[in-house]
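Now for the letters of each chain:
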Amino acid sequence: MNQLKQFPGGLEELPGRVSSQAPYGIPPRSGRHRTGFWAVAVIFAVTVAFSTVPTPLYPLYEERDGFGSFTVTVVFAVYAVGVAAGLVSAGHLSDRTGRRPVLVAALLFELAAAALFLVWPALPGLLLARFITGLGVGMATPTATAYLQDLHIRAWPGAGQSRFEAVSTAANVGGLGVGPLGAGLLAAYAPAPIRTPYIVFAVFLAAGIAAVAVLPETVDRPGRPVPYRVQRVRSYGGAALFCLAVACASAALAIFGLFTSLAPGFVADTLHQSSPAVAGAAVFAVFAAAVLGQSLSGALSPAVRQGAGVAAEAAGCAAVVAGMALADPALFIAGGVIAGIGAGMLFKAAVALVARAAPAEVRAEALATFFLAAYTGLVVTSLGLGLAAQLATPTTATLWFSGFLAVLLAAIALLGRTAGGGRHRSSPGPLSP
């Protein structure tokens, strides 16, 4: 509420605010807001699912165009750069212009990317389409997350944040897993394996745009035009808490990046499983485990959740390396599942820390800053993994990656004590710091 002092004219002069009832009390229970909450969760899941559609198709692209694992990691890094660009340019705009317009714009970017995948399937088109996909995801992620929290507050006043935290992270992480599974099955059993997945998901995206048009808005537009500005890099809740949240998210994204960039090639080349359905199922198992980890950790305290997430990621990554070294698919998948459980716990902890610390009127901005920092780390990790794969075998590169992850997980354990993140209280309402 400090921002009210900076705008003497009152609420109408704020750049944008949660709709009129929010600053003064929790609005009454609304069935329309409950329906909107679940609709946004599905739309969010479809949006991020589309971002991982190419994952099981990479071996098909490699076979057709002759590029290797490093090119795949570059393609993945280009996507992450697009996410960062979307976060910087538009991830915060829904705090001022409303949630619906920004979410529709994000879905339109995804549709444009789907069209590019279809009409320009060569490597340059793949790179451009991945960048545009990242732009859409960068716009959608903080917007949909903030939208879900707004709708949750109105639909279940006084109910606490556990439902919002579980659904928002499940939609995000679960969607990332559904994309490879759906695309892998379509590529394996439907005609035109490199085209059909994009057509199917384009239909889902178009349906999402139509659904957003009838959802309730939760942010009032300002009474006068507000000059555009890029995303401000601002942390809420203190630097130590923000660094803890970013470290948790980065550790989770690192596992997801490993499986969405290099795992399909490893499954095809080393495990001799060339079916896109198998590659998609292997990646889906990791993300499904992440959703399971989020669900299992719902009753845990933040400190216990972070500690369990760190331990599970470390153990799972070690099993992944052992599975690669022994060419043991069961151990490789088991390690991915264990690491996925830990990643889900850490990602849920990260989103909860940021969402609870940010005031309602800058919720999307705070989340955009958080995701920007996390995805910037993902770019560096992905490119580093790709370069390592060029200098050594995939198993050795993954071993190096495990060493990097071990350092990051140790930093999380240290920051958890420094920031007091494990003792961070649950917020009773949308404006609590």
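Just so we're clear, the structure is a prediction, and the values are computed from it rather than from any experiment. For every chain, the first residue of the written sequence is number 1, and numbering continues from 1 onward in sequence order. Given that the model is predicted, a residue must reach a pLDDT of at least 70 before its local features are reported, and side-chain atom pairs must reach 80 or more before they are shown or counted; all residues, however, enter totals for whole chains, interfaces and linings. By convention in this description, side-chain values take in all heavy atoms of the structure and omit both hydrogens and water.

## Quick notes on the overall build of the protein
- The helix and strand tally for the protein stands at 15 helices and two strands.
- Relative accessibility thresholds used throughout: buried, under 20% of the residue-type maximum; exposed, over 50%; partly exposed, between the two (1.4 Å probe, protein chains only). Sorting the 433 residues of the protein into buried and exposed places 56% on the buried side.
- A contact between two residues is defined here by any heavy atoms of the two lying within 4.5 Å. The long-range fraction of contacts in the protein, counting pairs at least 24 apart against all pairs at least 6 apart in sequence, stands at 85%.
- Residue-level accessible areas treat just the shown protein chains as cover; the underlying method is Shrake-Rupley with a 1.4 Å probe. For the protein, the accessible surface area stands at approximately 15,600 Å², while carbon and sulfur atoms represent 69% of it. Working definition: helices are DSSP H or I runs of at least four residues, strands are E runs of at least two. Numbering for both runs from the N terminus.

## Structural notes on the packing of helix H1 (residues 31–51) against helix H5 (residues 99–119)
- Between the N-to-C directions of two axes lies an angle of 0 to 180 degrees, each axis being a line fitted to C-alpha atoms and, for a helix, fitted only over the stretch in contact. Between H1 and H5, the shortest axis-to-axis distance is 11 Å and the interhelical angle comes to 30°. Viewed along their axes, H1 and H5 form a crossing whose handedness is left-handed. On the side of H1, the interface is formed by Ile43, Thr47 and Phe50, while H5 contributes Leu103, Leu107, Glu110, Ala113, Ala114 and Phe117.
- Here the residues of the contact of H1 with H5 sort into seven nonpolar, one polar and one charged. Rotating anticlockwise by less than a right angle from the far helix to the near helix defines a left-handed crossing, while the corresponding clockwise rotation defines a right-handed one. When residue character is reported, Ala, Val, Leu, Ile, Met, Phe, Trp, Tyr, Cys and Pro are called nonpolar, Asp, Glu, Lys and Arg charged, and the others, Gly included, polar.

## Focus: H5
- Here H5 is 21 residues long and its end C-alpha atoms lie 31 Å apart, about the 30 Å a rise of 1.5 Å per residue gives.
- Regarding H5, the residues found buried are Arg99, Val102, Leu103, Ala106, Leu107, Glu110, Ala113, Ala114, Leu116, Phe117 and Leu118. Every helix has an expected span of 1.5 Å times one less than the residues it contains.

## Some details on the environment of Gly134
- Structurally, Gly134 can be placed in helix H6 (residues 123–155).
- Gly134 sits 57 residues away from Ala77 along the chain, and the two C-alpha atoms are 9.8 Å apart.
- When near neighbours in sequence (up to four residues on either side) are disregarded, Gly134 contacts Tyr79, Gly82 and Val83.

## Focus: the packing of H5 against H6
- Two numbers describe how H5 lies on H6: the axes approach to 8 Å, and their chain directions differ by 155°. Between H5 and H6, the interaxial angle falls into the category roughly antiparallel. Here the hand of the crossing between H5 and H6 comes out left-handed.
- A breakdown of the residues in the contact of H5 with H6 according to their chemical character gives 19 nonpolar, three polar and five charged. Roughly parallel means an angle under 35 degrees; roughly antiparallel means over 145; roughly perpendicular covers 65 to 115; every other angle is labelled oblique.

## Observations regarding the pattern of salt bridges
- One side-chain nitrogen of Lys or Arg within 4 Å of one carboxyl oxygen of Asp or Glu is enough to make a salt bridge. Per the stated rule, a full pass over the model turns up five salt bridges.
- Because the salt bridges share partners, they merge into one network encompassing Asp95, Arg99 and Asp150.

## Describing the confidence of the model for the protein
- Per-residue confidence from the prediction method is given by pLDDT, with values spanning 0 to 100. Overall, the predicted model of the protein reaches an average pLDDT of 84, with 89% of residues at or above 70.
- Across the protein, element-level confidence peaks in helix H8 (residues 196–212) with a mean pLDDT of 98 and bottoms out in strand E1 (residues 17–18) with 48.
- In the predicted structure, residues 1–27 sits below a pLDDT of 50 and forms 51 contacts with residues beyond four places in sequence or in another chain.
- Across residues 421–433, where pLDDT falls below 50, the model places 36 contacts with residues more than four positions away in sequence or in other chains.

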